[in-house]
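What the coordinates show
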Amino acid sequence: MSLWSETVARLDDGAALADVDQRWRAKLRTPQRVLEVAVPVRRDDGRVDVFTGWRVQHDTTRGPAIGGIRFHPELERDTLTALAATMALKTAVLDIPFGGSMGGVRCDPASLSPGELERLTRRYAFEVMALLGPDRDIPAPDVNTDGRVMGWLVDTITVANGHELNASVTGKPLAIGGTRQHAGATAAGVMMTVRNVYTQLGLPVANSRATIQGFGKVGEPLAFLLHSAGMRIVAVQDISGAIHNPVGIDVSELSAHVKEHGTISGFPLADPTEPAKLWALPAELAVPAALAGALDRDAAVSLSARVVVEAAYGPTTAAADEILAERGIIVVPDVVANAGGVVASYFEWAQNRQGFAWEQSIAADRFHRLLEQAFLAVWARSQSLNVSLRRGAFALALGRIADALDSRGLWP
Ligand code: NAD
């Protein structure tokens, strides 16, 4: 099953749980807009290569769309559609005034020079620009994109329109209206989620063992946060392989190793282990923070952890979900667990529009409150429906989107 067909099945289930009117169910099974574009790029040697890019908006009933930009060699339209729907559900779970979107270019950024990457980003931005803007659709960083890419995006949009459109892109560098909270916000949100779910389950955070898949923009800062909270990171996996140290991996040393060598491979203070056995290694917490589908049926059968917190998008397949539910393993779904990034984007957008920077303490307080309220609302809904957190989250979000659809009605 593709991520999109799994998402549709989960949307149908959530809509049934929330008793969403039949009129809206078909609408939510279909993305509102999909723009596919050719992205011709002049290579450094003078050749021209043509890449494919997309921007997908799943739903904008609750407000302008918001969602990441991903550069990846296996990117598919359907994956982006599923991620756009996830964004619409996430903003509804958070109860913030946005819909959901996602976009990107099918390319391997590692094979592009900095100049080629900039030309690709700017041409992509230009091609999808008709859909973007502070009141239309607001991009943010995702896999293989960062503040530098967001800087090129906002510059292209601003120059092409001839006036300032700072609030049309989030995750920007500080020098052009970005915020301090954005870097690391997703990891900070995952950390809050870990604390929230441990509190509900009456589990002690200190000395609890964690396994993390992915040591990138989310996984690495998260490893530091978990370690600071007293947890032991016993296993880490990235694209190059997996490492294990039952006593706990020294996160600072691992981070320094990755800075020097690019991957975790060859890290001397842990043993290499088979990636396929990662989830079976003894731990209380499992955090997938890489790509979709990482926790499949086999992983669900062998998983040792009691709690899964989904930092990545769609890491748990539908088959795995069923097995984990049968085994009584708690899965905090992506729409809650990795919501810190979109909260930071919301705050950046709001400050850019106000033309006024909030005090750090105010932003931090609002960040904590929004995420805690969302977690508690999902927890309460799943308890009252007697379903998993994912099904409860989908029911909560779809109920809110349906309320917005009812209030607006259908035009014409
Ligand atoms: P990243 O590109 O910075 O890091 C990805 C990490 O995953 C790297 O360590 C990489 O080696 C590893 N990886 C890639 N392919 C792998 C594979 N096949 N097996 C094992 N490891 C693999 O990406 P990121 O920004 O850290 O995002 C990670 C996940 O979190 C993605 O699912 C992303 O959509 C999600 N997410 C990111 C943000 C954000 O703010 N960056 C926000 C919400 C959700």
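One structure accompanies this document, and this report is about it. (Residues numbered from 1 in each chain as written. Predicted model: local features only at pLDDT ≥ 70, side-chain atom pairs only at ≥ 80, totals over all residues. Heavy atoms only, no water.)

**A short note on the pattern of salt bridges**
Any two side chains of opposite charge can pair, on the condition that their charged atoms come close. Tallied over the entire structure, the rule returns 26 salt bridges. Its salt-bridge partner being Asp321, residue Arg10 comes within 2.9 Å of it at the nearest N-O pair. Of this pair, Arg10 sits in helix H1 (residues 3-17) while Asp321 sits in helix H10 (residues 318-326), and the two are 311 residues apart along the sequence. The exposure classification of Arg10 matches that of Asp321, with both residues buried. A salt bridge links Arg391 to Asp13; the shortest N-O distance between them is 2.8 Å. Highlighted residues: Arg391 in helix H14 (residues 389-408) and Asp13 in helix H1, separated in sequence by 378 residues. (Salt bridge = Lys/Arg side-chain N within 4 Å of Asp/Glu carboxyl O. Helix = DSSP H or I, 4+ residues; strand = E, 2+ residues; numbered from the N terminus. Buried < 20%, exposed > 50% of the residue type's maximum accessible area, 1.4 Å probe, protein only.)

**Overview of the pairing of strand S5 (residues 137-141)**
Regular strands place side chains that alternate from one sheet face to the opposite one. S5 sits mainly inside the fold: four of its five residues count as buried. Direction of pairing for strand S3 (residues 65-72) relative to S5: parallel, over a ladder of five bridges. Looking at the pairing, Ile66 lines up with Ile138 of S5. (Pairing = 2+ DSSP bridges.)

**Let's talk about the packing of aromatic side chains**
Per the stated rule, a full pass over the model turns up six aromatic pairs. Feature note: the residues Phe98, Tyr346, Phe347, Trp349 and Trp358 constitute an aromatic cluster, connected by ring pairs. (Phe/Tyr/Trp six-rings, centres within 6.5 Å; stacked < 30°, edge-to-face > 60°.)

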